[in-house]
Each structure stands twice: as C-alpha cells, then as structure tokens.
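# Secondary and tertiary structure notes
Letter by letter, the chains look like this.
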Amino acid sequence: MAKTGSKATQSGLYECAAMFCWEKMVINKGRRIPPCKCGSAEWTLIQPTAKATKKKSAAKKRKRTTKGKKEEGGFLDSLFG
C-alpha cells in the first residue's frame, strides 16, 4: 500500500484505498503519489505495467536506397533508350 507523498516503487494503475471511493490513477515509477480527491492518503496497486519491449527502429528495417541518383538500365530506358 502506497501513501501520499511517497514515491511509487512500480508503474501501474493505483486505486484509492478508502471505502466507497473507486478513484483510479496511473502513476509512473519514481513519481510522487498525490492525495485522492476524497482526501484519503492511501493507494493500492491494482495493475502493474509491464516493461515495454524494445522496438527495432524503422531505419534499420528499411532497405537503403540511393536518393537523387538515377538508376541506369531501367524499364523506360529499355523501351525508349
């Protein structure tokens, strides 16, 4: 159970621990936990977030092209060449 003013030890979805208050908030790891609108100072982590997987950059996926250079022996050159 996390308290207002402390830092979140894990990123995720937190829910207010007060009875009949269902306030939910996403808090990132290391951020200070704010008080609830109802005045409660306690939060419960109900859904931790998973670590994001590293995505390959689009530049690495793309095949390198030569911009600005005219290709020789293209289709039109064979027709009108």
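Residues numbered from 1 in each chain as written. Predicted model: local features only at pLDDT ≥ 70, side-chain atom pairs only at ≥ 80, totals over all residues. Heavy atoms only, no water.

With that settled, the discussion passes to the sheet that holds strand 2 (residues 12-16). In spatial order, the strands read 1-4-2-3; together these four strands make up an open sheet with antiparallel pairing. Each of the sheet's edge strands pairs with one partner strand only, and the pair in question is strand 1 (2-3) and strand 3 (24-27). Of the pairings in the sheet, the one linking strand 2 to strand 4 (residues 42-48) comprises five bridges and is antiparallel in character. Within strand 4, the position partnered with Leu 13 by the bridge is Gln 47. (Pairing = 2+ DSSP bridges. Helix = DSSP H or I, 4+ residues; strand = E, 2+ residues; numbered from the N terminus.)

Summarising the element assignment, Ala 50 is placed in the loop between strand 4 and helix 1 (58-61). A relative accessible area of 71% means that Ala 50 is categorised as exposed. Each C-alpha atom, one on Ala 50 and one on Ser 11, is 8.4 Å from the other, the two residues being 39 residues apart in sequence. (Buried < 20%, exposed > 50% of the residue type's maximum accessible area, 1.4 Å probe, protein only.)

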